[in-house]
Every structure is written in C-alpha cells, then in structure tokens.
Amino acid sequence: MVKVERSFPAPKSLAEEAEKATGKYDKQDVIEQLKRDFHNKCYICEMKELQDPNVEHLLPHKNGRYPERKFDWENLFWSCGHCNGIKNNNKYDEEIIDCCKQDPERYLHFHLIENTIVIDVSDKKDEIQNRTALLIMEVFSVKNTGMRTYTSDERLRLLQKEMNILYQQLKKLHNNPDSKVILRTICSLLRRESAFAAFKRCYVRKYADKYPQLQKYVCLD
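The rules we used
- Counting restarts for each chain: residues are numbered from 1 in the order of the written sequence.
- Totals for whole chains, interfaces and linings use every residue, but because this is a predicted model, local features are given only for residues with pLDDT of at least 70 and side-chain atom pairs only at 80 or more, for both listing and counting.
- Side-chain descriptors were evaluated using all non-hydrogen atoms of the structure, hydrogens and water having been removed beforehand.
- Note on definitions: angles span 0 to 180 degrees between N-to-C directions of axes, and those axes are lines fitted to C-alpha atoms, for helices only across the stretch in contact.
- Only runs of H or I of at least four residues qualify as helices and only runs of E of at least two qualify as strands under DSSP, and these elements are numbered from the N terminus.
- We call two directions roughly parallel when the angle between them is under 35 degrees, roughly antiparallel when it is over 145, roughly perpendicular when it lies between 65 and 115, and oblique otherwise.
- Each crossing gets its handedness from the near helix: less than a right angle anticlockwise from the far helix is left-handed, clockwise is right-handed.
- It only takes one pair of heavy atoms within 4.5 Å for two residues to be counted as in contact.
- Polarity classes work like this: nonpolar for Ala, Val, Leu, Ile, Met, Phe, Trp, Tyr, Cys and Pro, charged for Asp, Glu, Lys and Arg, and polar for all others, with Gly in that last group.
- Lining residues are those with an atom within 4 Å of a point, where the points come from a 1 Å grid over the protein atoms alone and group into cavities, where a 1.4 Å probe fits but cannot get out, or pockets, open sets with protein on both sides within 12 Å along at least five of seven lines.
- Grid points are joined across faces, edges and corners, and a volume is the space filled by probe spheres set on the points.
- Each salt bridge in this description consists of a side-chain nitrogen of Lys or Arg and a carboxyl oxygen of Asp or Glu lying within 4 Å of one another.
- The buried label goes to any residue with under 20% of its type's maximum accessible area, the exposed label to any with over 50%, and the partly exposed label to all in between, with areas taken from a 1.4 Å probe on protein chains only.
- We define the nonpolar core as a collection of buried residues of types Ala, Val, Leu, Ile, Met, Phe, Trp, Tyr and Cys that are connected through side-chain atoms lying within 4.5 Å of one another.

Caption draft 1: Seen up close, the packing of helix α6 (residues 146-175) against helix α7 (residues 180-190). Two numbers describe how α6 lies on α7: the axes approach to 10 Å, and their chain directions differ by 150 degrees. Accordingly, the angle class assigned to the pair α6 and α7 is roughly antiparallel. α6 and α7 meet at a crossing whose hand is left-handed. Seen from α6, the contacting residues are E162, I165, L166, Q169, L170, K172 and L173; seen from α7, they are I182, T185, I186, L189 and L190. When the residues that make up the contact of α6 with α7 are grouped by side-chain class, the tally is 8 nonpolar, 2 polar and 2 charged.

Caption draft 2: The arrangement of the layout of surface pockets in detail. In this structure, the largest pocket occupies an estimated 310 Å³ of space. For the largest pocket, the lining is made up of 14 residues, of which H57, P60, H61, N84 and N88 are closest to its centre. For the lining of the largest pocket, the secondary-structure elements that each account for two or more residues are β1 (53-57) and α4 (81-87). Per-element accounting of the lining of the largest pocket gives the leading share, 3 residues, to β1. The class makeup of the residues in the lining of the largest pocket is 4 nonpolar, 6 polar and 4 charged.

Caption draft 3: Representation of the pattern of salt bridges in the model. Taken as a whole and judged by the stated rule, the model has 15 salt bridges. In this structure, E138 engages K91 in a salt bridge whose closest nitrogen and oxygen atoms are separated by 3.4 Å. One end of the pair, E138, is in helix α5 (residues 127-139); the other, K91, is in the loop between α4 and β3 (108-113), with 47 residues separating them in the sequence. On the accessibility criterion, E138 (16% relative accessible area) is buried.

Caption draft 4: Focus on unusual backbone geometry. Note the cis peptide between F8 and P9, where omega equals 5 degrees. Structurally, P9 can be placed in the segment before α1 (12-18). One non-glycine residue, E114, lies in the positive phi region at around 55 degrees. With respect to the secondary-structure elements, E114 resides in the loop between β3 and β4 (116-121).

Caption draft 5: Region of interest: the nonpolar core. If you look at the biggest cluster of nonpolar residues, it comprises 60 residues, and the most contacted ones within it are F38, Y43, F110, F140 and F199. No other element matches α6, which puts 6 residues into this core. Beyond its immediate sequence surroundings of up to four residues, F110 is in contact with M1, V118, I119, I136, A198, F199 and C202.

Set out below in structure tokens:
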C-alpha cells in the first residue's frame, strides 16, 4: 500500500446517482477516474493491470445502511476482487489507513521473507495500523477456500517475481554504479505507480547504507 493522489472534482455521476432510490456508485466516469488515479493497481495488494477490478468502499456502506458512504468519492477505492472479498469481513468494518490522505509507508514496513509476508507497524498500539497490516498480510496468505488459496499464491508469486527483478537490477548497479540505464530501470521499479511498490521501496530504505544514491527515490511524503 502506497500513497495515492486522488483527483478532483468527483465524477459527476455520483451526485446524480445519490438522488436515486437504486443509484449506482460504479458508473463509467467513476471507473475511469479511479482506474487512472490508482494506476490500475489494487490499493491493498498492489497488483497491477487488474482483470477483476472492483469499486471498493474504504468504510462499508452496508447495503445502503450508510448512504453517505455509498456515494462519497473519497470513500471509493480501486481494488481487485480478491482483496475486496477478504476486506468484506466484519473485522475490517472499522477504519484502515486511507492511502489517499496518509502515506502508508510512514506507518507500515513491508517485508518479503522467503515465502512469507511480514508487515511491521510503527505504533503497535495503533488499531488502524494493526488492522491495515493484518489485511495486507491476509490477502497474500488466506487459504480458506480453493480459489482463495490460488489467488493468494498468485499474488505472492507475482510479488516474488517483481522483487527478484529489483534484486537483479541492484546487483547490476553494484557492479556498474555509473550506469544511467540501470539507474533509470531501478527508478521505474521504485515509483509508487509500479506493482508492489511498497515492498520494493521498503527494501531499498532498509539497506540505505548499501544504496545511498537511491534514497531520494524512496523518500516519504
């Protein structure tokens, strides 16, 4: 999870649909603006080029019980079906980090340790940080159904693939520190728009002593 810049004004359809008894919060203008703002990347797992995108509510509207949430542009997020399905659990009904208003990288520390996702929090007493960390770890590891086992494993596989690309480029940079081509490639991998950016950026920050020239590309808001 990384910081996302939400664009304004809100899509026009939201105000129009909110006046209807059976209004829709996922009209075409909403879809297009969310997809663009979130770079077609799930805000929870950070997988890109989603084939099953969902318009997800940060705070659930509970089938219209909270209509003020249902059409609130700042409550709508771009997610994959896998993450939306896992977040649709009562334990996540309360607030998680709003990545459009806060920089999650300030509060969460993302680690891939062999085949395990570990998310550390800055403040262990902060319920929002803990809840957000738990959600992110769960979307990479939940295996309570056959399909969820597959989709969790697929996200872990893609994350490992992306991290291996970063490791290879960092090794190349170590061997050829003056290469502008390698540096441009790494900078692209570290952009917030890239897949699984939080994990890659956290890794580079963790080894700041080894990669001091890269720290300006992973600075926090």
